[in-house]
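In case you want the letters, here they are:
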Amino acid sequence: MTSATGPAPATPAAPVQPRLIATDLDGTLLRDDKSVSDRTIAALAAAERAGIEVFFVTGRPARWMDVVSEHVHGHGLAICGNGAAVVDLHGGPGEHRFVEVRPLERTTAIIVVDILRAAAPDTSFAVERTGGIHHELAYPPMHLDPAAGIAPVEKLLAENADVADQPVLKILAHHPELSPDAFLALARSAVGERASITRSSPTALLEISGPGVSKASTLELCCAERGIAPAEVVAFGDMPNDIEMLTWAGTSYAMGNAHPDVVAAASGRTVANNEDGVAVVIEQILHGL
């Protein structure tokens, strides 16, 4: 059944009581204005009080986590960079601490860049390190996140680069003409298993991590440390970079605004992010406890 505003949320079907909620941020937990609604804040706090851990699992870098830092409870950890880093948010804005890093090796990054340049000419690149983003002159800049350095990507990845001591979390690749899904398919075909490639932007912007690094694989590691099984995890997402996590979790929800491939991967569907779809499901879960 659907409403005028979107599909009605499905009834949670987890075979066991959930112990952990894993939620994406942009397009999922956050509204389009990047705010966290009062309803969602209350739902997250209620879940933690009920003994259900909440993990923010995002493509965002650590420095973009201020939007949810004040809403962490208990462990205070978040998975950032599509699984490339586990970050402790307890320090507050500007004080986030890297707990674990799963880097993209420099030599692998160079190989991937060469492959993509050949497969998709006019691709421009950015390098996301633990200390900030560096990009090529042709790469579309983020005006709210100025680059720490601008240079050809080969120089940014050079062994003697000024920031070579900062691990590479991911490479970003932008193409000015290809459609987002076409660029993703082309890149995955060309690069193969050398790296993990996904996307979360509405533009042709790819996010490239080390082989095997994803939201799902890092979440699996965090859950294993806590003795939490996939069946005890409820996950939420909206874009292709969420698909592995939604497939891995015992119960998963695509947002009402989700990419079609995400809808196909999830076991359920909730309403859109602007309608507090994550909170709607959390409330249902808590009502059933």
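Residues numbered from 1 in each chain as written. Predicted model: local features only at pLDDT ≥ 70, side-chain atom pairs only at ≥ 80, totals over all residues. Heavy atoms only, no water.

### Section: the pattern of salt bridges
Working step 1: One pass over the full model with this rule turns up 16 salt bridges.
Working step 2: In this structure, D24 engages K215 in a salt bridge whose closest nitrogen and oxygen atoms are separated by 3.0 Å. Here D24, found in the loop between β3 (20-23) and α1 (25-29), pairs with K215, found in helix α7 (residues 215-226); they are 191 residues apart in sequence, far enough to count as distant. Grouping residues by exposure puts D24 and K215 together as buried.
Working step 3: For the salt bridge of E128 with R63, the shortest nitrogen-to-oxygen distance reads 2.6 Å. Residue E128 is found in strand β8 (residues 124-129), and its partner R63 is found in the loop between β4 (53-57) and α3 (66-69); the two are separated by 65 residues along the sequence.
Working step 4: Assessed through its relative accessible area of 5%, E128 is described here as buried.
Working step 5: A relative accessible area of 31% places R63 in the partly exposed class.
Working step 6: In this structure, a network of salt bridges that share partners links the residues D24, K215 and D242. (Salt bridge = Lys/Arg side-chain N within 4 Å of Asp/Glu carboxyl O. Helix = DSSP H or I, 4+ residues; strand = E, 2+ residues; numbered from the N terminus. Buried < 20%, exposed > 50% of the residue type's maximum accessible area, 1.4 Å probe, protein only.)

### As for the packing of aromatic side chains
Working step 1: According to the stated counting rule, one finds 1 aromatic pair in the structure shown.
Working step 2: Taking the centre distance of 5.4 Å and the plane angle of 20° together, the rings of F236 and Y253 count as stacked. One end of the pair, F236, is in strand β14 (residues 233-237); the other, Y253, is in strand β15 (residues 251-254), with 17 residues separating them in the sequence.
Working step 3: Of the residues examined, F236 reaches a relative accessible area of 0% and is grouped as buried. (Phe/Tyr/Trp six-rings, centres within 6.5 Å; stacked < 30°, edge-to-face > 60°.)

### Some points on the sheet that holds strand β16 (residues 268-269)
Working step 1: Pairing is mixed in the open sheet, where 8 strands are placed in the order β7-β6-β5-β4-β3-β14-β15-β16. Because the sheet does not close on itself, it has two edges, and the strands there are β7 (97-101) and β16.
Working step 2: As judged from the 4 bridges shared by β3 and β14, these two strands associate in the parallel manner. Each residue of the ladder has a partner; that of T23, found in β14, is F236.
Working step 3: Together, β3, β14 and β15 form the strand contacts of helix α10 (residues 277-287), whose direction differs from that of β14 by roughly 160°. (Pairing = 2+ DSSP bridges. Contact = heavy atoms within 4.5 Å. Axes fitted to C-alpha atoms, helices over the stretch in contact; angles between N-to-C directions.)

### Concerning the side chain of D276
Working step 1: As for its placement among the helices and strands, D276 is situated in the loop between β16 and α10.
Working step 2: Other than its neighbours up to four places away in sequence, D276 contacts R31, S37, R39, T40 and V271.

### Quick look at the packing of helix α2 (residues 38-49) against α10
Two numbers describe a pair of packed helices, the interaxial angle and the distance between the axes.
Working step 1: Closest axis-to-axis distance for the α2/α10 pair is 9 Å, and the angle between their directions is 35°. The way α2 lies across α10 gives a crossing that is left-handed. Judged by residue contacts, R39, T40, A43, L44, A46 and A47 of α2 engage A279, V280, I282, E283 and L286 from α10.
Working step 2: Of the residues belonging to the contact of α2 with α10, the class tally is 8 nonpolar, 1 polar and 2 charged. (Left-handed = near helix turned anticlockwise from the far one by under 90°. Nonpolar A, V, L, I, M, F, W, Y, C, P; charged D, E, K, R; others polar.)

### Things to note about empty space enclosed by the protein
Working step 1: Under the criterion given, the structure shown has 2 cavities of 30 Å³ or more.
Working step 2: Estimated volume of the second largest cavity: approximately 30 Å³.
Working step 3: Lining the second largest cavity we find I110, V113, D114, V153, E154 and L157.
Working step 4: At the level of secondary structure, the elements contributing two or more residues to the lining of the second largest cavity comprise α4 (106-119) and α5 (153-156).
Working step 5: By residue number, the principal contributor to the lining of the second largest cavity is α4, which donates 3 residues.
Working step 6: A breakdown of the residues in the lining of the second largest cavity according to their chemical character gives 4 nonpolar, no polar and 2 charged. (1 Å grid on protein atoms, 1.4 Å probe; cavity = no way out; pocket = protein on both sides within 12 Å on 5 of 7 lines; lining within 4 Å. Points joined across faces, edges and corners; volume = space filled by probe spheres on them.)

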